[in-house]
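Chain by chain, the residues run as shown.
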Amino acid sequence: MSINVTRSSMPPFEEYCDEIRGLWDSRWLTNMGCKHRQLEEDLQRYLQCGQITLFTNGHLALENILQAFRLEGEIITTPFTFASTTHAIVRCGCKPVFCDIDPVTYTLDPGKLEALITERTAAILPVHVYGNLCDTDRIGEIGRKYGLPVIYDAAHSFGVFRNGVSSACFGDAAMFSFHATKVFHTIEGGAVCCHSEEIRRRLCDLKNFGIHDEENVPYVGGNAKMNEFCAAMGICNLRHLEEEIEKRRLVREHYDGRLGGTPGLRLNRVQENTRSNNAYYPVVFDGFRLNRNEVYAKLSAEGIIPRKYFYPLTSAFACYDGWEGFDPSATPIAAQIAAQVLTLPIYADLTTDTVDRICDLILG
Ligand SMILES: *Cc1c(COP(=O)(O)O)cnc(C)c1O
């Protein structure tokens, strides 16, 4: 059996059955039913954020945020991210403007942000890459100085807390993905956390065809509602989340012990005053005996499937060939990391023996 970069966590089968049993009586399967309401309450308590609303997935959550803020023009973002971030901007009719990243945290470099702001800039959309938090203080300051909303793609950062404050609280809005491959999941799902009751209200309408109530449709909305079965999965998984993160921590520390100090390997540092969610285990191969692609090939040949997150940069995607401003060489640090990084398998029940086998292959 192959070892993939991640493996979905599942609650005990009986626990999920108990959670969904009531749906056979209520016959209320979607459209903001009782599981949906309960998960929103549970998440709000866990994240300690202002407003929250659930979505059918993280990507549509992000598109709906851009619509709720009525953004038009340019959005400054990072090319070192999953396809979703850049596609959401383009699909909403805006133009991504790519800012380079910090070589240590892999997140948007605030030192390079201000130079990209023009009168066309509508918002800033950074990503908490691998669960490393962006420099939210400096980005927030720049946002306020120019009157730009800051919207975080927080898809990697569920369960990350800095000084006890969850990643849901930073910026004007934060998007989470609850996809099956994420640390916390609802099979497919997502959420938006924000501080404004008006934005939350708009998001609730937008995800339901723009319908506010039976006779009042103020927005051209789509359908991005989370169903009751997904919400029930989330309710169960949230009960086990801390245990899940703790198990991942042990895996991460085992990797750190085996790979730390090796010349030519750069590991991801847990940030100061931050509780990591241990979502990813990125390694940058910079001057190591083997290059990234050689390590990838060596592991794959043994049935171990790491991922080149994030290669290629979104600014290098074929769908954007010839588009103005989509130039990987304009973000040289992002381009270099994309060529050198590999995220190794990490999940709660990944055994120490398997981690040892992966490390032996890399180091051997
Ligand atoms: C997973 C992910 C998304 C998209 O979330 P879905 O729930 O799969 O739609 C967006 N951005 C980043 C950085 C992600 O990792």
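In what follows, the accompanying structure is described. (Residues numbered from 1 in each chain as written. Predicted model: local features only at pLDDT ≥ 70, side-chain atom pairs only at ≥ 80, totals over all residues. Heavy atoms only, no water.)

### A closer look at the overall build of the chain
- When its secondary structure is counted, the chain shows twelve helices and 15 strands.
- Against the 2.2 N^0.38 benchmark of 21 Å for 364 residues, the chain shows a C-alpha radius of gyration of 21 Å, consistent with a compact globule.
- Counting the 364 residues in the chain, one finds 55% classified as buried.
- Here the contacts in the chain between residues at least 6 apart in sequence split such that 70% fall between residues at least 24 apart.
- Accessible surface for the chain amounts to roughly 15,800 Å². Of this, 51% is attributable to carbon and sulfur atoms. (Helix = DSSP H or I, 4+ residues; strand = E, 2+ residues; numbered from the N terminus. Rg over C-alpha atoms; globule rule 2.2 N^0.38 Å. Buried < 20%, exposed > 50% of the residue type's maximum accessible area, 1.4 Å probe, protein only. Contact = heavy atoms within 4.5 Å. Areas by Shrake-Rupley, 256 points an atom, 1.4 Å probe, with all protein chains shown as cover.)

### Section: the sheet that holds strand 8 (residues 165–166)
- In space, the three strands of this open sheet follow the order 8-7-12, with antiparallel pairing throughout. Strands at the two margins of the open sheet, each flanked by one partner only, are strand 8 and strand 12 (274–275).
- Where strand 7 (residues 161–162) and strand 12 come together, two bridges link them in antiparallel fashion. Bridging from a neighbouring strand, Arg162 pairs with Thr274 of strand 12. (Pairing = 2+ DSSP bridges.)

### Section: the site of the ligand
- Residues in contact with the ligand amount to 15 residues; listed here are only the nearest, Gly58, His59, Asp153, Ser177 and Lys182.
- Take Ser177: an N or O atom from its side chain is 2.7 Å from an oxygen atom of the ligand.
- Contact between the ligand and Lys182: an oxygen atom at 3.1 Å from a side-chain N or O atom of the residue.
- Contact with the protein chains hides 92% of the accessible area of the ligand, taken as 380 Å² for the molecule alone.
- Judged by the fraction of its atoms near the pocket grid, the ligand is located in the largest pocket.
- Classifying every residue of the shell around the ligand gives three nonpolar, ten polar and two charged. (Near = heavy atom within 4 Å. Polar contact = N/O pair within 3.5 Å; in protein donor to acceptor, adjacent residues only side chain to side chain. 1 Å grid on protein atoms, 1.4 Å probe; cavity = no way out; pocket = protein on both sides within 12 Å on 5 of 7 lines; lining within 4 Å. Sits in = over half its atoms within 2 Å of the grid points. Nonpolar A, V, L, I, M, F, W, Y, C, P; charged D, E, K, R; others polar.)

### Considerations on helix 1 (residues 13–21)
- Among the residues of helix 1, those classed as buried are Glu15, Tyr16, Cys17, Glu19 and Ile20.
- Considering only its buried residues, helix 1 is in contact with helix 2 (23–26), helix 3 (34–47) and helix 8 (228–239).

### Remarks on the environment of Arg275
- Tracing the chain through its elements places Arg275 in strand 12.
- On the basis of relative accessibility, which here comes to 28%, the residue Arg275 falls in the partly exposed class.

### With respect to a nonpolar patch on the surface
- A surface patch of nonpolar side chains, about 250 Å² in accessible area, is lined by Phe209, Ile211 and Val217.
- On the secondary structure map, Phe209 appears in the loop between helix 7 (197–206) and helix 8. (Patch = residues over 30% accessible without salt bridge, like charges linked within 9 Å, V, L, I, M, F, W, Y side chains within 5 Å. Salt bridge = Lys/Arg side-chain N within 4 Å of Asp/Glu carboxyl O.)

### Here's the deal with the layout of surface pockets
- One number sums up the size of the largest pocket: a volume of about 600 Å³.
- Around the largest pocket sit 37 residues that line it, and Phe82, His179, Thr181, Lys182 and Tyr280 are the ones nearest its centre.
- Mapped by element, the contributors of at least two residues to the lining of the largest pocket are helix 4 (58–68), helix 5 (83–91) and strand 9 (173–177).
- Its residues assigned to classes, the lining of the largest pocket comprises 16 nonpolar, 16 polar and five charged. (Points joined across faces, edges and corners; volume = space filled by probe spheres on them.)

### Some words on the environment of Leu125
- Its place among the elements puts Leu125 in strand 5 (residues 121–125).
- With 50 residues separating them along the chain, Leu125 and Ile75 place their C-alpha atoms 6.6 Å apart.
- Filtering out sequence-adjacent residues up to four positions away, Leu125 remains in contact with Leu62, Leu66, Ile75, Ile76, Thr77, Thr78, Thr85, Ile89, Ile151 and Asp153.

### Digging into the packing of helix 10 (residues 292–301) against helix 12 (residues 352–363)
- Packing of helix 10 against helix 12 leaves a shortest axis separation of 10 Å and a crossing angle of 135°. Relative to helix 12, the element helix 10 is oriented oblique. In this structure, the crossing between helix 10 and helix 12 has a hand that is right-handed. Side by side, helix 10 and helix 12 meet where Val295, Lys298 and Leu299 of the first sit next to Ile358, Leu361 and Ile362 of the second.
- Among the residues making up the contact of helix 10 with helix 12, the classes are represented as five nonpolar, no polar and one charged. (Axes fitted to C-alpha atoms, helices over the stretch in contact; angles between N-to-C directions. Parallel < 35°, antiparallel > 145°, perpendicular 65-115°, else oblique. Left-handed = near helix turned anticlockwise from the far one by under 90°.)

### Comments concerning helix 6 (residues 136–146)
- Among all positions of helix 6, only Thr136, Ile139, Gly140, Ile142 and Gly143 are buried. Summarising the axial view, the buried residues of helix 6 lie within an arc of 165°, below the 170-degree limit, and thus occupy one face. Across helix 6 from its buried face, at more than 90 degrees, point the exposed residues Asp137, Glu141, Arg144 and Lys145.
- The first or second residue beyond helix 6 is Gly147, which carries a positive phi of 65°. (Arc of directions from axis to C-beta.)

### Section: unusual backbone geometry
- In this structure, Phe310 follows Tyr309 across a cis peptide bond, with omega equal to 5°.
- Note that Phe310 resides in the loop between strand 14 (304–305) and helix 11 (332–340).
- Here the residue pair Tyr311 and Pro312 is connected by a cis peptide bond, since its omega of -10° sits within 30 degrees of zero.
- Among the secondary structure elements, Pro312 is positioned in the loop between strand 14 and helix 11.
- One non-glycine residue with positive phi stands out, namely Gln48, at about 55°.
- Looking at the secondary structure, you find Gln48 in the loop between helix 3 and strand 2 (51–55).
- On the basis of relative accessibility, which here comes to 59%, the residue Gln48 falls in the exposed class.
- In the Ramachandran plot, Ile187 falls in the positive-phi region, its phi being about 75° despite a non-glycine side chain.
- Within the fold, Ile187 resides in the loop between strand 9 and strand 10 (190–194).

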